[in-house]
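Each chain is listed here by its residues.
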Amino acid sequence: MGRGKLRIYLGAAPGVGKTYAMLSEAHRRIERGTDCVVAFVEHHHRPRTEVMLHGLEQVPRKELEYRGGVFSEMDVDAVLHRAPAVALVDELAHTNVPGSRNAKRWQDVEELLAAGIDVVSTVNIQHLESLGDVVESITGVRQRETVPDEVVRRADQIELVDMSPPALRRRMAHGNIYKPDKVDAALSNYFRPGNLTALRELALLWVADRVDEYLTEYRSEHRVSKIWGSRERIVVGLTGGPEGRTLIRRAARLAEKGAGGEVMAVYIARSDGLTSASPKELAVQRTLVEDLGGTFHHVVGDDIPASLLDFARGVNATQIVLGSSRRKTWQYIFGPGVGTTVARESGSDLDVHIVTHEEVAKGRGLPVARGARLGRSRIIWGWAVGIGGPVAMALLLNTIDLGLANDMLLFLAVTVAAALLGGLLPALASAAFGSLLLNYFYTPPLHRLTVADPKNIVAIVIFVGVAVSVASVVDLAARRTHQAARLRAESEILSFLAGSVLRGETSLEALLERVRETFGMESVALLERAGDVDPWTCAGSAGPSPAIRPEDADVDMPVGDHMALALSGRVLPASDRRVLAAFAAQAVVVLDRQRLQFEADQAKELAEGNRIRTALLAAVSHDLRTPLAGIKAAVSSLRSDDVAWSEEDQAELLEGIEDGADRLDHLVGNLLDMSRLQTGTVTPLIREIDLDEVVPMALGGVPEDSVDLEIPESLPMVAVDSGLLERAVANLVENAVKYSPVDERVLVAASAMADRVEVRVMDRGPGVPDEAKDRIFAPFQRYGDAPRGTGVGLGLAVARGFAEAMGGTLNAEDTPGGGLTMVLTVRAVHRRPDPAARTAVAERQAS
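Here the structure is a predicted model, which is why all the values come from computation and not from measurement. (Residues numbered from 1 in each chain as written. Predicted model: local features only at pLDDT ≥ 70, side-chain atom pairs only at ≥ 80, totals over all residues. Heavy atoms only, no water.)

Looking only at helices and strands, the chain features 23 helices and 24 strands. Expressed as a percentage of its 847 residues, the buried residues of the chain come to 44%. Considering only residue pairs separated by 6 or more positions, the chain has 71% of its internal contacts joining residues 24 or more positions apart. Summing over all exposed atoms, the chain offers an accessible surface of approximately 43600 Å²; the carbon and sulfur share of this is 55%. (Helix = DSSP H or I, 4+ residues; strand = E, 2+ residues; numbered from the N terminus. Buried < 20%, exposed > 50% of the residue type's maximum accessible area, 1.4 Å probe, protein only. Contact = heavy atoms within 4.5 Å. Areas by Shrake-Rupley, 256 points an atom, 1.4 Å probe, with all protein chains shown as cover.)

Written as structure tokens, this is what we have:
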């Protein structure tokens, strides 16, 4: 037995009519023949609600004693023993009396659902656990009874029971909610207009979020590609500093203002790994953005502004959020900064928001581009000090006489400064230039490049040695820092890769896109071949114009004997190939997993094909032989010379022959159509036509007075295959007429919706439960107790197959008031030919 369905009536406050709506739904279901009972409903002595309980079966409650009082709660065991199809359970967030089976009523409901019982329940928005603090700040009342949001979100249906605050207050004043002695206190406290308005807004926003999830599922299931409304995609540039949290929250608020807003936080790490980002802070910000419904991305790029803009345009972003620069005023001499550069180069398609924060001007944020390990600015300053420092020192010492020892120490200080700033080469230049100046100006004989005293030669040699040693130490430290930071950057990327494996991300295209994004490439392709001399084939790719052979790519990473990861865009340094090899190995694993899944799906299709063949044999053995046997018996009777048939008897036998032939024709037609669908040989001829030219022709197989047709002349034309559409509608109408009561007519109505046109075939029959709505479209399915001989169960399967072949959809819905509605959706063409052209088409069809 499957899990039951949960339907929740959600309200903004007590008294909006949730319980009344739930009881009304119960009466509707009972009228349709559904086994529905009241497991627990509290009418709170409201007359209209109490009246609605009449005619409904109520499961006796369980009496519990607690602190000298007797309380009644829902008897879960009694409901499970009764095993109804639907149970009504009021007040989902209710806390049960101590000693009950469960602490909370929603836990009781979970037991009923697990037993396969559908549950209809109610809850107010203030009882959702995540909104407790918000509701308390609005009303001043802390809700003690709460229900986890996930319980409500998992509901199969959520219906908002809405009422304006003035109307709700009028209901309260009339005594329809609370007793008269509590009305004044309620109106002046909890039921104030401001409170009710705020609670109503919370309910509307919460349900709107849920509706957005349903809409996304609907668009995915129905393959709707056209954008419905605007969508904001906001990229947040992170530096790894504490201001990132402020930027993420601001971006989330911007995204909330638009429909379906999306936040994408991106941290750009340099290829040399030299950044001041805190791994701990980045982990915190990753968690924050994911908690807010966004995504976190790690990108490698030396040019921060260009990499950020490339990423934003690559994901089709509409806005970029950056923090105000953390650089101090004097640091602007090295360039305008990332924010200014991004704003200047963003163009007209991207809006750039610069957000202030507490870290402004407290230190460099996103650093400017640099080309070497020590940074371009440090190297420039190192050369300036290494060359200009000795000259300035010589000019200074020419004005004062400090002695050779002090002169050498001062020149040594300049050389050390050049080493600290620019590394080895500026220090060597400073040492060489300084030694020449010492020799020329301060070592006897003066103003000559010779040294008279051997001791001075030793001093100059020591000077040069110390300068070289200090410069070497500084350069070694820079290399070690570079290596450590590089390894840290690699570990972050490998950590993400391992996390994607643990999270079960199996999309090869997504992984290759991550490779392209991480290494800043134009395209990435996973290539494979069967043997050493076989041509290469592309197993998956990301980006435009991927390489078709490893030798055509800028970077070639072999994986095994016959696979390779090919990257185009730039040449990677050797140090990057270690991380790239990890990505390549993961890509192969993902590809193998996808192929295993494909093989499993193929095996499932083969099993389904075997099931269909078995059902086809059963259909041929019975459903086709039955009308054949009837035809043969009627023909044999007519040919018999032993009986003199009257004209009425002959007419009856001929009518039986005709009915049997029609049934055979219908069955064989459906079998042939199903065979075409199964083998993929249905090739629709799509043309632009009017529905009123096709749908009436589909009604020829049913009695004239059994169908009402409503097709407005204002409908746009549709792009369909007229033959397939006619056959699909004919099957739907025949099925609807078959299950409709004799005195009820089937309604065939059409309407336009955005870029689609819907054809709805509505009957008033017994209907189909939700869990069987998809199953009825499977081949050889008869729902309910349909007798053999009424068909082989292919009509709806063929109709859906034809609809999908034309790029449309076919789904089943409940008819309001009872029955089943088949919704056939096809693509609309929003232009109509002129009347003369339509007349000419009609004449050609008539001829």
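Once that is clear, we can look at the packing of helix H21 (residues 722-739) against helix H22 (residues 795-805). The packing of two helices is summarised by the inter-axis angle and the distance between the axes. Axis separation between H21 and H22 bottoms out at 9 Å; the angle between their running directions is 150°. As the angle between them shows, H21 and H22 are arranged roughly antiparallel. The hand of the H21/H22 crossing is left-handed. Counted together, Leu724, Arg727, Ala728, Asn731, Leu732 and Asn735 of H21 and Gly795, Leu796, Val798, Ala799 and Phe802 of H22 form the full contact between these two elements. Residues of the contact of H21 with H22, tallied by class, amount to 7 nonpolar, 3 polar and 1 charged. (Axes fitted to C-alpha atoms, helices over the stretch in contact; angles between N-to-C directions. Parallel < 35°, antiparallel > 145°, perpendicular 65-115°, else oblique. Left-handed = near helix turned anticlockwise from the far one by under 90°. Nonpolar A, V, L, I, M, F, W, Y, C, P; charged D, E, K, R; others polar.)

Another point: unusual backbone geometry. Despite not being glycine, His44 shows a phi value in the positive range, around 55°. Its place among the elements puts His44 in the loop between strand S2 (36-40) and helix H2 (47-52). Judged by its relative accessible area of 37%, His44 falls in the partly exposed class. Here the phi dihedral of His45 falls at roughly 60°; this positive angle occurs in a residue that is not glycine. Here His45 is to be found in the loop between S2 and H2.

Let us now look at the pairing of strand S24 (residues 820-829). Across the 10 residues of S24, 9 count as buried, placing the element largely inside the fold. As paired strands, strand S20 (residues 717-720) and S24 are joined by 2 bridges and run antiparallel to one another. From the neighbouring strand, Val718 faces S24, where its bridge partner is Ala828. The pairing of strand S22 (residues 756-762) with S24 spans 7 bridges and is classified as antiparallel. Bridge pairing in S24 places Val761 opposite Met822. (Pairing = 2+ DSSP bridges.)

Before going further, it helps to spend a moment on the nonpolar core. By size, the foremost hydrophobic cluster in this structure holds 62 residues, and its most contacted members are Leu88, Leu112 and Val147. Here this core takes 6 residues from helix H9 (residues 193-221), the largest share from any one element. Not counting residues up to four positions away in its chain, the partners in contact with Leu112 are Met74, Val76, Val79, Leu80, Ala87, Val89, Ile117 and Val119. (Core = buried A, V, L, I, M, F, W, Y, C linked by side-chain atoms within 4.5 Å.)

Below, the discussion takes up the side chain of Lys18. Mapping Lys18 onto the fold places it in helix H1 (residues 18-31). One buried charged residue, Lys18, remains without a salt bridge, the closest side chain of opposite sign being Asp90 at 6.8 Å. Look past the residues within four positions of Lys18 in its chain and what remains in contact with it is Tyr9, Leu10, Gly11, Ala13, Thr122, Val123, Asn124 and Val161. (Lys, Arg positive; Asp, Glu negative; His and termini not counted. Salt bridge = Lys/Arg side-chain N within 4 Å of Asp/Glu carboxyl O.)

Now for the confidence of the model for the chain. Here the chain averages 78 in pLDDT, and 78% of its residues register 70 or above. Confidence drops under pLDDT 50 across residues 363-372; counting only partners more than four residues distant or on other chains, this segment forms 29 contacts. Taken as a whole, residues 832-847 scores under 50 in pLDDT and shows 13 contacts with residues more than four places along the chain or in a different chain. (pLDDT = per-residue confidence, 0-100.)

The next point concerns the pairing of strand S4 (residues 62-66). Here S4 pairs with strand S5 (residues 69-73) via 5 bridges, running antiparallel. Among the inter-strand pairings, Leu64 is bridged to a residue of S5, identified as Phe71. The antiparallel hairpin formed by S4 and S5 contains 2 residues in its connecting segment, where Arg67 sits at a positive phi of about 55°.

The subject of this paragraph is the packing of helix H14 (residues 376-397) against helix H15 (residues 404-422). Orientation of H14 relative to H15, taken along the N-to-C sense of each, is 170°, at an axis distance of 7 Å. It follows from the interaxial angle that H14 and H15 lie roughly antiparallel. In terms of crossing hand, the pair formed by H14 and H15 is right-handed. Between H14 and H15, the residues in contact are Arg378, Ile379, Trp381, Gly382, Val385, Gly386, Gly389, Pro390, Met393, Ala394 and Leu397 and Asp407, Leu410, Phe411, Val414, Ala417, Ala418, Leu420, Leu421 and Gly422, respectively. Split by residue class, the contact of H14 with H15 holds 14 nonpolar, 4 polar and 2 charged.

Attention shifts here to the packing of aromatic side chains. For any pair of aromatic rings, the description consists of the separation of the ring centres together with the inter-plane angle of the planes. Applying the stated criterion across every chain yields a total of 0 aromatic pairs. The side chain of Arg48 reaches across the aromatic face of Tyr20, ending 5.1 Å from its centre. (Phe/Tyr/Trp six-rings, centres within 6.5 Å; stacked < 30°, edge-to-face > 60°. Lys NZ or Arg CZ within 6 Å of the ring centre and 35° of its normal.)

Mapping Tyr178 onto the fold places it in the loop between helix H7 (165-173) and helix H8 (180-188). Judged by relative accessible area, Tyr178 falls into the partly exposed class, the value being 29%. For the pair Tyr178 and Pro14, spaced 164 residues apart in sequence, the C-alpha separation works out to 9.6 Å. Setting aside chain neighbours within four positions, we find Tyr178 in contact with Pro14, Arg46, Met172, Val183, Ala186 and Phe191.

A few words now on the pattern of salt bridges. Taken as a whole and judged by the stated rule, the model has 24 salt bridges. As a salt-bridge pair, Asp35 and Arg82 come within 2.7 Å of each other at their nearest N and O atoms. Here the residue Asp35 occupies a position in the loop between H1 and S2, and Arg82 occupies one in helix H3 (residues 76-82), the gap between them amounting to 47 residues. Its relative accessible area of 31% is what places Asp35 among the partly exposed residues. Through salt bridges with shared partners, a single ionic network connects Arg7, Glu25, Arg28, Arg29 and Glu159.

Now for helix H12 (residues 304-314). What H12 keeps buried is the set Ile304, Pro305, Ser307, Leu308, Leu309, Phe311 and Ala312. In this structure, the buried side of H12 is in contact with strand S9 (233-238), strand S10 (262-269), strand S11 (295-300), strand S12 (319-323), helix H13 (338-345) and helix H18 (508-519). Within two residues after H12, Asn316 carries a phi angle of roughly 60°, on the positive side.

The grouping of Arg249, Arg250, Arg253 and Lys257 at the surface amounts to a positive patch. Tracing the sequence through the fold places Lys257 in the loop between helix H10 (243-256) and S10. A relative accessible area of 72% places Lys257 in the exposed class. (Patch = residues over 30% accessible without salt bridge, like charges linked within 9 Å, V, L, I, M, F, W, Y side chains within 5 Å. Charge placed at Lys NZ, Arg CZ, Asp CG, Glu CD.)

An order of S15-S14-S17-S16 is seen for the 4 strands of this open sheet, with the pairing classed as antiparallel. Among the strands making up the open sheet, the edge pair consists of strand S15 (537-542) and strand S16 (555-558). Neighbour-to-neighbour, the strand axes of this sheet turn through a mean angle of 20°, independent of strand direction. Bridge analysis of strand S14 (residues 523-528) against S15 gives 5 bridges, and the strand direction is antiparallel. Paired with Leu526 across the bridge in S15 is Gly540.

Bringing the sheet that holds strand S13 (residues 351-355) into the picture now. Spatially, S11-S10-S9-S12-S13 is the arrangement adopted by the 5 strands of the open sheet, whose pairing is parallel. In the strand order of this sheet, the two ends are held by S11 and S13, each with one partner. Mean inter-strand twist for the sheet, computed between neighbouring axes without regard to direction, equals 25°. In terms of strand pairing, S9 meets S12 through 3 bridges, oriented parallel. Considered in S12, the bridge of Ile234 is made with Gln319. With respect to the sheet, H12 is in contact with S9, S10, S11 and S12, its orientation differing from that of S10 by roughly 150°.

Together, Glu647, Glu648, Asp649, Glu652, Glu655, Glu658, Asp659, Asp662 and Asp665 make up a region of like negative charge exposed at the surface. Relative to the assigned elements, Glu652 resides in helix H20 (residues 647-679).

What follows covers H7. Residues of H7 that are buried: Pro165, Ala167, Leu168 and Met172. Each buried residue of H7 lies within a common arc of 165° when the element is viewed along its axis, so the set occupies one face. Remark: Gly175 follows H7 within two positions and exhibits a positive phi of approximately 80°. (Arc of directions from axis to C-beta.)

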